[in-house]
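Structural features, examined
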Amino acid sequence: NGFKIQKDGYKFRYYTYKIENEKEIVIEQKGARESTYDDFVAGLPENDCRYGIVDLDFVSTDGRKTSKIIFIAWNPDTAKVRSKMLYSGSKECLKSGLDGIGIFLNATDMSELDFETCILPQVHKFA
């Protein structure tokens, strides 16, 4: 069960996952290939947790166009304590089922999702 964000029939820019009924992780949103990282961020709830996987296109520090698939755990400070605990405790379960993702990031407020100041410096380390 490899992760299929780019394979034939699965041409998506991102997936957003949520925990339903406190027991099942399900896909909440699929971003079309034409979607952007900003579209992904705009779809995250302000006061609740989510997991996200994004296929990021960017330019490496040596000028090459490249892409990386990243996992983001969105756990905002404003979320309810129960939700934060549930998502923190379930994260490893989801991560273990996603092959091909090497960059795992955590964010607790929107400033930590800023592409230029937070996300891009992290992906440059692996480009």
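Residues numbered from 1 in each chain as written. Predicted model: local features only at pLDDT ≥ 70, side-chain atom pairs only at ≥ 80, totals over all residues. Heavy atoms only, no water.

Quick look at a negative patch on the surface
This is how the line gets drawn: Nonpolar side chains (Val, Leu, Ile, Met, Phe, Trp, Tyr) within 5 Å and like charges within 9 Å form the patches, drawn only from residues with over 30% relative accessible area and no salt bridge. Per-residue and other accessible areas were derived by the Shrake-Rupley procedure at a 1.4 Å probe size, with only the shown protein chains allowed to occlude residues. When a carboxyl oxygen of Asp or Glu is within 4 Å of a side-chain nitrogen of Lys or Arg, the pair counts as a salt bridge. Positive charges come from Lys and Arg, negative ones from Asp and Glu, while His and the chain ends are left out of the count. For the purpose of locating charges, the reference atoms are NZ of Lys, CZ of Arg, CG of Asp and CD of Glu. By definition, any uninterrupted DSSP run of H or I lasting at least four residues is a helix, any uninterrupted run of E lasting at least two residues is a strand, and each is numbered from the N terminus. The buried label goes to any residue with under 20% of its type's maximum accessible area, the exposed label to any with over 50%, and the partly exposed label to all in between, with areas taken from a 1.4 Å probe on protein chains only.
Residues Asp-38, Asp-39, Asp-114 and Glu-116 make up a contiguous surface patch of negative charge. Examined against the element boundaries, Asp-38 turns out to sit in helix α1 (residues 37-42). Given a relative accessible area of 55%, Asp-38 falls into the exposed group.

Describing the pairing of strand β3 (residues 50-59)
Successive side chains on a regular strand alternate, one facing one side of the sheet and the next facing the other. Applicable threshold: Here, strands pair whenever DSSP counts at least two bridges between them.
For β3, a buried count of eight out of ten residues is recorded, marking the element as mostly surrounded by other parts of the structure. Across ten bridges, the pairing between β3 and strand β4 (residues 65-74) is antiparallel. Following the sheet pairing, Ile-53 is matched in β4 by Phe-71. Where β3 hands over to β4, the hairpin turn is made up of five residues, of which Gly-63 adopts a positive phi near 90°.

Observations concerning the packing of aromatic side chains
The way to describe two aromatic rings as a pair is by their centre distance and the angle between their planes. To be explicit about the condition: We call Phe, Tyr and Trp rings a pair once their centres come within 6.5 Å, taking the six-membered ring for Trp, and we label the pair stacked below 30 degrees between planes, edge-to-face above 60, and tilted otherwise.
According to the stated counting rule, one finds eight aromatic pairs in the structure shown. Ring plane angle 65° and centroid distance 5.4 Å describe the contact between Tyr-14 and Phe-40, whose orientation is recorded as edge-to-face. With Tyr-14 in strand β1 (residues 12-20) and Phe-40 in helix α1, the pair connects residues that are 26 residues apart, well separated along the chain. The residues Tyr-14 and Phe-40 share a single accessibility class, namely buried. With a centroid separation of 5.0 Å and an interplanar angle of 50°, the aromatic rings of Tyr-51 and Tyr-87 are classed as tilted. In this pair, Tyr-51 is assigned in strand β3 and Tyr-87 in helix α2 (residues 81-96), connecting sequence segments 36 residues apart. As far as burial versus exposure is concerned, Tyr-51 and Tyr-87 are alike and both buried.

In short, geometric facts, not functional conclusions.
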